[in-house]
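Structural overview for review
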Amino acid sequence: MYKRQRPYRLAVDAHDFPLSARFWCAVLDWKVLFGDEEEIVIGAADETAWPGMCFLPVPEGKTVKNRLHIDLAPDDRDAEVERIIGLGARRVDVGEDPGVTWAVLADPEGNEFCVLSPKDSLVD
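Throughout this description, residue numbers start from 1 for each chain and increase along the sequence as written. Totals for whole chains, interfaces and linings use all residues, but because this is a predicted model, local features are given only for residues with pLDDT of at least 70 and pairs of side-chain atoms are given and counted only at 80 or more. Remark: hydrogens and water are excluded; side-chain values derive from all non-hydrogen atoms of the structure.

A word on the environment of R91. Note on placement: R91 falls in strand 6 (residues 90–91). Relative accessible area decides the class of each residue, using a 1.4 Å probe on protein chains only: under 20% of the type maximum gives buried, over 50% gives exposed, and in between gives partly exposed. Given a relative accessible area of 51%, R91 falls into the exposed group. When the C-alpha positions of R91 and L105 are compared, they lie 4.4 Å apart, and in sequence the two are 14 residues distant. A contact between two residues is defined here by any heavy atoms of the two lying within 4.5 Å. If we skip the residues at most four places from it in the chain, R91 touches V81, E82, I85, A103, V104 and L105. To qualify as a helix, a DSSP run of H or I must reach at least 4 residues; to qualify as a strand, a run of E must reach at least 2; elements of each kind are numbered from the N terminus.

Here it is as C-alpha cells:
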C-alpha cells in the first residue's frame, strides 16, 4: 500500500547559515539538532517532532521575493512582531493591501515571513 509522504524538513539556503539557524531557534523556541560546516538542522525540543528546518550555506545573498514563506500564528500578533524584531527581524513591504490582518517581516537574510492575527483554532 502506498504511504503518503509528510513534510520532513524545510531547507533554507543562507549566506550566513549559523546566524539564520540561531535566529529561527530563538523565534520558534527550537534547538539545534545537528550542525556541521555543511548544514545546521533545527527543530522542536522533542526530536521526533517534524518538520524541522535545515540551513545550508550558499555563497550568494537573497535577491528576489520568496516564492515560499513561513506563516506564524501567535496568540498576540503585535507582541510577537515586536519580540521577533528584537531578535533581528525587520518589517518589509511586499505590496500587501492596507488593513491586512498579518505583518510581513524579514529574517536577517532577508527572507520574508508573516505573523498572522490569532487563530481561534488550528487544523491538525
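Now that the structure has been shown, we can carry on.
With that settled, consider the side chain of D107. Assignment of secondary structure puts D107 in the loop between strand 7 (102–106) and strand 8 (112–116). Distance and chemistry together define a polar contact, namely a pair of N or O atoms within 3.5 Å, with one atom able to donate a hydrogen and the other to accept it when in protein, and with adjacent residues in sequence counting only for side-chain atoms on both sides. Only 2.9 Å separates the side chain of D107 from the backbone nitrogen of E109, close enough to count as a polar contact. A distance of 2.9 Å separates the side chain of D107 from the backbone nitrogen of N111, its partner in a polar contact. When neighbours within four sequence positions are excluded, D107 is seen to be in contact with F23, W24 and F113.

Let us now look at the pattern of salt bridges. Any two side chains of opposite charge can pair, so long as their charged atoms come close to each other. Any carboxyl oxygen of Asp or Glu within 4 Å of a side-chain nitrogen of Lys or Arg constitutes a salt bridge here. Per the counting criterion, the structure on display carries four salt bridges. Two residues, R83 and E80, come together in a salt bridge whose shortest N-O distance is 2.8 Å. Taken together, the residues span about one helical turn, with R83 and E80 both in helix 2 (residues 77–86) at a distance of three residues. The class for R83 is partly exposed, based on a relative accessible area of 33%.

It is worth spelling out the packing of aromatic side chains at this point. Ring pairs are drawn from Phe, Tyr and Trp, using the six-membered ring of Trp, whenever the two centres fall within 6.5 Å, and their geometry is named by plane angle: stacked under 30 degrees, edge-to-face over 60, tilted for the rest. Taken as a whole and judged by the stated rule, the model has three aromatic pairs. Measuring from ring centre to ring centre gives 5.3 Å for F23 and W24, while their planes differ by 85 degrees; the resulting arrangement is edge-to-face. Neither F23 nor W24 differs from the other in exposure class; each is buried. In this structure an aromatic cluster arises from ring pairing among F23, W24 and F113.

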